[in-house]
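# Coordinate inspection notes
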Amino acid sequence: MRSLLDRLLAGTAPDASPCTHVEELPARPGTRVPWPEWVPDILRERLAAAGVIEPWRHQVDAAEFAHGGESVVVATGTASGKSLAYQLPGLAALLTDDRARVLYLAPTKALAGDQLRSLLELSVPGVRPATFDGDTPQDERDWVRAHANWVLTNPDMLHRTVLPSHERWASFFRRLRYVVIDECHAYRGLFGAHVSLVVRRLRRICAVYGCTPTFVLASATVAEPQVSAGRLTGVPVRAVTADASPHGATTFALWEPPLTSLRGEHDAPVRRAAGAEAGRLLADLVVEGRRTLAFVRSRRGAELTALTAQRHLAEAGLDELAARVSPYRAGYLPEERRAVEAALSSGALLGVAATNALELGLDVTGLDAVILAGFPGTLASLWQQAGRAGRAGAPSLVLFVARDDPLDTYLAHHPAAVFGRPVEANVFDPANPYVLAGQLCCAAAELPLRPADLDAFGGPAAEAVLDELVARGALRRRPAGWYWTARERPRADIRGAGGAPVAVVDGTSGALIGTVDAGAAHTQVHPGAVYLHQGRSYVVDELDLDAAAALVHAEAPDWSTSARELTDIAIVETSRSRSAGPVSVGFGTVDVANQVVGYLRLRISTGEFMDETPLDLPARELRTRAVWYTIDQDALDEVGLDASAVPGAAHAAEHAAIGLLPLFATCDRWDIGGVSTALHPDTGTPTVFVYDGHPGGAGFAERGHDRLLDWLTATRSAIESCECAAGCPSCVQSPKCGNGNEPLDKRGAITFLELVLTHLR
Ligand SMILES: [Zn+2]
Ligand SMILES: [Zn+2]
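The structure contained in this document is the topic of the report that follows. (Residues numbered from 1 in each chain as written. Chains lettered and ligands numbered in written order. Predicted model: local features only at pLDDT ≥ 70, side-chain atom pairs only at ≥ 80, totals over all residues. Heavy atoms only, no water.)

## Observations regarding the overall build of the protein
Filter applied, for reference: By definition, any uninterrupted DSSP run of H or I lasting at least four residues is a helix, any uninterrupted run of E lasting at least two residues is a strand, and each is numbered from the N terminus. When we talk radius of gyration, it's over C-alpha atoms, and the globule rule is simply 2.2 Å times the number of residues to the 0.38. Between two residues, a contact is recorded if the distance between any of their heavy atoms is within 4.5 Å. Calculation of accessible area relied on Shrake-Rupley with a 1.4 Å probe; when residues are assessed, cover is drawn exclusively from the protein chains displayed.
Looking only at helices and strands, the protein has 25 helices and 29 strands in total. For 761 residues, the compact-globule estimate of 2.2 N^0.38 gives 27 Å, and the protein sits close to it at 26 Å. Taking the principal axes of the C-alpha coordinates as reference, the protein spans close to 75 × 70 × 60 Å. Residue pairs at least 24 apart in sequence account for 73% of intrachain contacts in the protein once pairs closer than 6 positions are excluded. Accessible area for the protein stands at about 29300 Å²; split by element, carbon and sulfur atoms hold 50% of it.

Structure (structure tokens):
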């Protein structure tokens, strides 16, 4: 594969090579172990018929824990056969006890559908799997409750339908042996907090019916899977992380497209767009006859990448090959999906460009090459996507093409962050008071909450929230506990962030396209915004805040939009603080005032800055959590940053730090925000804040506080490793900066961060 990489690089001078690093990941032989004795013969036979002759060690290790009644998380690579880890104990239980039940939770309906297919194909006698989701007809629901012994659903259904009507599921809960939580790294941020509390509600209901199920979780490779799985379930969890499945050797190259002569904001240089570079590489790999999948961030981007590849091939007179390249769209019917997957697996299609959103829904592995156009948001996703390449024994190539973004720059220049031990943890905070409030109401409506229940829901944090719910009249306090007395059910949107969502409506047909969280409406559906929904592109004509509606029309322009926000921040309460010489660090509750003041347009095909348009929207208030650090001006004076130099240095450091936090926590840079100031009224010194963009906090700022030294070290290196002269989108410029990226001092930021790091060490 090295020679293939050399051919891709042909024509570039060694000193101008876009390839910043090549990692050779050796072939891994795979370790088989015998079946555990408790696996019934008939199950072995069915698995053998499906091609599983002998299991891999990690599958058996995890299955043994589960069979022995210990909850377990298996965190190994894509295509390592994680499903066998829960299928073995689950199916064995159903075979030996016809009354036993298994509950399987997936983050998406498509994934639950794939699992159902796999169970049906095994056709183990006596096993009656069935999905239970929003599409299940009413008459079928009764059958599922009464007869299915392996029920596949999602946390939304559990929250909205199953738990509130637990009496109808009484016999199911009485016999529930295993709860499987698949792709559990998908539960992060506010959604993760909600799901963790839904799982606690599930455990409480099970306990009422006299059962204590064992949890089996499957996760992508993340840092501390044991910790996050334990936090998700609230029970002690064992972890199995050593992947014993075989994999061919992989050549993994980091790739940074060159700066172009195009100019961005403040005349900053612009890098060749990752999508365009990916299109060119896709064409080259197709010419080589390699089955290649390219992951791109947006559907428009995926289409442009496929088009770019087709154009390159057509220009070379290779029309037959151009016809074997295709974009892969969201919204495909299951049959259409399988047709594309089959065509790619057989080689009928050679090149496919898909969006990151399809990562979970795509059933394709064993490819010759994978291109990642831009960091997919988390390292877990990066490895999921990279894992599509390579069959047992066959070598493969993975190319990570960096986008114009500080984190991508950092990764392109710091291979250890990609190939070393993962530092990114799956982060969410079950103690978020806003999430707790809704979830405690739901729990009380299912069955009155007893004081003894509170430990499972966070103890003192839950008690404080309950007091407030009683004061507000939402719950009633009686000697025995807390009661929900209203006639209608409590409402809690587990995928939302609170507040009435804004409806996105097609202005011509009046059709409802989707909804946007109240808190995100100003940044996502302001007038002129390009709004993506399930891969389709719309442009917003009007945002009516009183009616909570955005009117849009279908249009897919060659630009994306990015809202610019002005932010004010005030410290409400400091939960943790420490100081080191002239530097002090804090974490706590803050009030943030945000105002969207305009938006800018960026050309998708080139990354070029087009223009900026002002907007007139009201400010919004947000109570959330933040991490901050301060430095005395005297110490800054000593390293040559006088009062006039501090605003640019601190501002540049803040932007880059926001870009780098997703390396340590599973957040998107849009989930967090920042403020930097040369003199903050609450601290009296130069201060940099980074806050969670969701009410009550989602755990990201806290993770930043806990990993501050590593985070700021990475931030400084990201700025240092960008070759631009005075700051660009790859290092210190931010597309959402409300101050139009002014002032920004790239060199000053390095000095500023170095000073902070010297004292923190
Ligand atoms: Zn730069
Ligand atoms: Zn800014």
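## A few points about the nonpolar core
Note that soluble globular proteins tend to have their nonpolar side chains buried in a common cluster. Let me state the cut-off plainly: Only buried residues count toward a nonpolar core. Its members are Ala, Val, Leu, Ile, Met, Phe, Trp, Tyr and Cys residues joined through side-chain atoms within 4.5 Å. Any residue under 20% of the maximum accessible area for its type is buried, any over 50% is exposed, and the rest in between are partly exposed; the area is computed with a 1.4 Å probe on protein chains only.
By size, the foremost hydrophobic cluster in this structure holds 103 residues, and its most contacted members are Leu663 and Phe752. Looking at this core element by element, the count peaks at nine residues for helix 22 (residues 646-660). The contacts of Leu663, once residues within four sequence positions are left out, are Leu379, Leu407, Tyr410, Leu411, Ala417, Val423, Glu424 and Ala714. In terms of nonpolar packing, the next biggest core, distinct from the first, is built from 38 residues, Leu103, Val179, Tyr209 and Phe215 among them.

## Some words on the coordination of the zinc ion (ligand 1)
Geometry sets the ideal angles at a metal, namely 109.5 degrees for four tetrahedral donors and 90 or 180 degrees for six octahedral donors. Applied cut-off: Each metal's donors are the N, O and S atoms within 2.8 Å of it, or within 3.2 Å when it is Na, K or Ca, and because water is not part of the set, sites may look incomplete.
Distances from the zinc ion (ligand 1) to its protein donors, Cys722 (SG), Cys724 (SG), Cys728 (SG) and Cys731 (SG), fall within 2.3 to 2.4 Å. Every donor residue of the zinc ion (ligand 1) comes from the same chain, spaced as C-x1-C-x3-C-x2-C. Comparing Cys728 with Cys731, the two get one shared label, buried.

## A few points about the side chain of Ser396
Operational definition: Under the rule applied, a polar contact is a pair of N or O atoms within 3.5 Å (in protein, one hydrogen donor and one hydrogen acceptor; residues adjacent in sequence only if both atoms are side-chain atoms).
Tracing the backbone through its elements, the reader meets Ser396 in strand 16 (residues 396-401). Since its relative accessible area comes to 0%, Ser396 is described here as buried. Here the side chain of Ser396 touches Thr250 through a polar contact of 3.2 Å, side chain to side chain. What Ser396 contacts, discounting residues up to four positions off in sequence, is Met1, Ala249, Thr250, Thr251, Leu367, Asp368, Ala389 and Gly390.

## Here we look at the pattern of salt bridges
Rules: By salt bridge we mean one thing: a side-chain nitrogen of Lys or Arg within 4 Å of a carboxyl oxygen of Asp or Glu.
Taken as a whole and judged by the stated rule, the model has 35 salt bridges. We note a salt bridge from Asp453 to Arg204, for which the minimum N-O separation is 2.9 Å. Of this pair, Asp453 sits in the loop between helix 18 (433-446) and helix 19 (460-471) while Arg204 sits in helix 9 (residues 189-208), and the two are 249 residues apart along the sequence. Taking the relative accessible area as the measure of exposure, Asp453 reaches 17% and is therefore buried. Note on Arg204: relative accessible area 10%, which makes it buried. Shared partners join several salt bridges into a network, and the residues in it are Arg272, Glu277, Arg280 and Asp284.

## With respect to unusual backbone geometry
Cis geometry is adopted by the peptide bond preceding Pro743, which originates at Glu742 and carries an omega value of -15°. Checked against the element boundaries, Pro743 lands in the loop between helix 24 (708-720) and helix 25 (746-760). With phi around 50°, Glu224 is a residue other than glycine that occupies positive phi space. Position of Glu224 relative to the elements: it lies in the loop between strand 7 (214-219) and helix 10 (225-233). With a relative accessible area of 39%, Glu224 lands in the partly exposed category. Of note in this structure, Asn741 is not a glycine but carries a positive phi near 55°. In this structure, Asn741 sits in the loop between helix 24 and helix 25. Its relative accessible area of 3% is what places Asn741 among the buried residues.

## Quick notes on the packing of aromatic side chains
Note the following rule: Think of it this way: a Phe, Tyr or Trp ring, Trp meaning its six-membered ring, pairs with another when their centres are within 6.5 Å, and the plane angle makes it stacked under 30 degrees, edge-to-face over 60, tilted otherwise. Charge-over-ring placement is defined geometrically: NZ (Lys) or CZ (Arg) within 6 Å of the ring centre, and within 35 degrees of the ring normal.
The tally for this structure, following the rule as stated, stands at 12 aromatic pairs. On the basis of an interplanar angle of 65° and a centroid distance of 5.5 Å, the ring pair of Tyr187 and Phe191 is categorised as edge-to-face. Since its relative accessible area comes to 0%, Tyr187 is described here as buried. Put simply, the rings of Phe132, Trp169, Phe172, Phe173 and Tyr209 pair up and form one aromatic cluster. Sitting over the face of the ring of Trp482, Arg477 holds its NZ or CZ atom 4.1 Å from the ring centroid.

## What about the packing of helix 2 (residues 41-49) against helix 4 (residues 82-96)?
The description of two packed helices rests on the angle between their axes and on the distance between the axes. Put simply, the rule reads: Fitted lines through C-alpha atoms give the axes, limited to the stretch in contact for helices. The angle between two N-to-C directions lies from 0 to 180 degrees. Roughly parallel means an angle under 35 degrees; roughly antiparallel means over 145; roughly perpendicular covers 65 to 115; every other angle is labelled oblique. Handedness of a crossing follows from how the near helix is turned relative to the far one, being left-handed for an anticlockwise turn of less than a right angle and right-handed for a clockwise one.
Interhelical geometry of helix 2 versus helix 4 gives an angle of 140° and a closest axis separation of 10 Å. Between helix 2 and helix 4, the angle falls in the class oblique. Crossing handedness for the pair helix 2 and helix 4: right-handed. Of the residues in helix 4, those in contact with Ile42, Leu43 and Leu47 of helix 2 are Leu84, Leu88, Leu91, Ala92 and Leu95.

## So, a negative patch on the surface
To keep it simple, the criterion reads: Candidates for patches are residues over 30% relative accessible area with no salt bridge; among them, like charges are joined within 9 Å and nonpolar side chains (Val, Leu, Ile, Met, Phe, Trp, Tyr) within 5 Å. Neither His nor the chain ends is counted toward charge; the positive residues are Lys and Arg and the negative residues Asp and Glu. Each charge is placed at NZ for Lys, CZ for Arg, CG for Asp and CD for Glu.
A surface patch of like charges, here negative, comprises Asp632, Asp634, Asp637, Glu638 and Asp642. With respect to the element layout, Asp632 can be found in the loop between strand 27 (620-631) and helix 21 (633-638). For Asp632, a relative accessible area of 35% corresponds to the partly exposed category.

## Re the sheet that holds strand 14 (residues 351-355)
The condition is simple: Strand pairing is assigned whenever DSSP identifies at least 2 bridges connecting the two strands.
The strand order across the open sheet formed by seven strands is 1-9-16-15-12-14-13, and the pairing between neighbours is mixed. Pairing within the sheet leaves two strands with one partner each, and these edge strands are strand 1 (19-25) and strand 13 (325-328). Put simply, the sheet's adjacent strands are angled 15° from each other on average, direction ignored. Of the pairings in the sheet, the one linking strand 9 (residues 250-255) to strand 16 comprises six bridges and is parallel in character. Counterpart to Leu254 in the pairing with strand 16 is Phe400. Here helix 12 (residues 299-315) sits on the sheet and contacts strand 12 (292-296), strand 13 and strand 14; the angle it forms with strand 13, its principal contact strand, is near 180°. Strands in contact with helix 15 (residues 379-386) are strand 1, strand 9, strand 12, strand 15 (369-373) and strand 16; relative to strand 15, the strand with the most contacts, it is inclined by about 150°.

## Thoughts on the packing of helix 11 (residues 274-287) against helix 12
Our working definition: Under the grouping applied here, Gly and all other residues not named as nonpolar or charged are polar, the nonpolar ones being Ala, Val, Leu, Ile, Met, Phe, Trp, Tyr, Cys and Pro and the charged ones Asp, Glu, Lys and Arg.
Remark: helix 11 packs on helix 12, axes separated minimally by 7 Å, with the N-to-C direction vectors making an angle of 50°. Between helix 11 and helix 12, the interaxial angle falls into the category oblique. Here the hand of the crossing between helix 11 and helix 12 comes out right-handed. Between helix 11 and helix 12, the contacting residues are Gly275, Ala276, Ala278, Gly279, Arg280, Leu282, Ala283, Val286 and Val287 on the first element and Thr305, Thr308, Ala309, His312 and Leu313 on the second. Tallied by class, the residues present in the contact of helix 11 with helix 12 amount to eight nonpolar, five polar and one charged.

## Structural notes on the sheet that holds strand 3 (residues 101-105)
Reading across from one edge, 4-5-3-6-7-2-8 is the order of the seven strands in this open sheet, with parallel pairing throughout. Only two strands of the sheet have a single neighbouring strand rather than two, namely strand 4 (129-131) and strand 8 (238-240). Direction aside, neighbouring strands of the sheet carry axes that sit 15° apart on average. Two elements, strand 2 (residues 72-75) and strand 7, share four bridges in a ladder whose sense is parallel. Within strand 7, the position partnered with Val72 by the bridge is Val216. Against the sheet, helix 9 contacts strand 3, strand 6 (176-181) and strand 7, and its axis sits at roughly 175° relative to strand 6.

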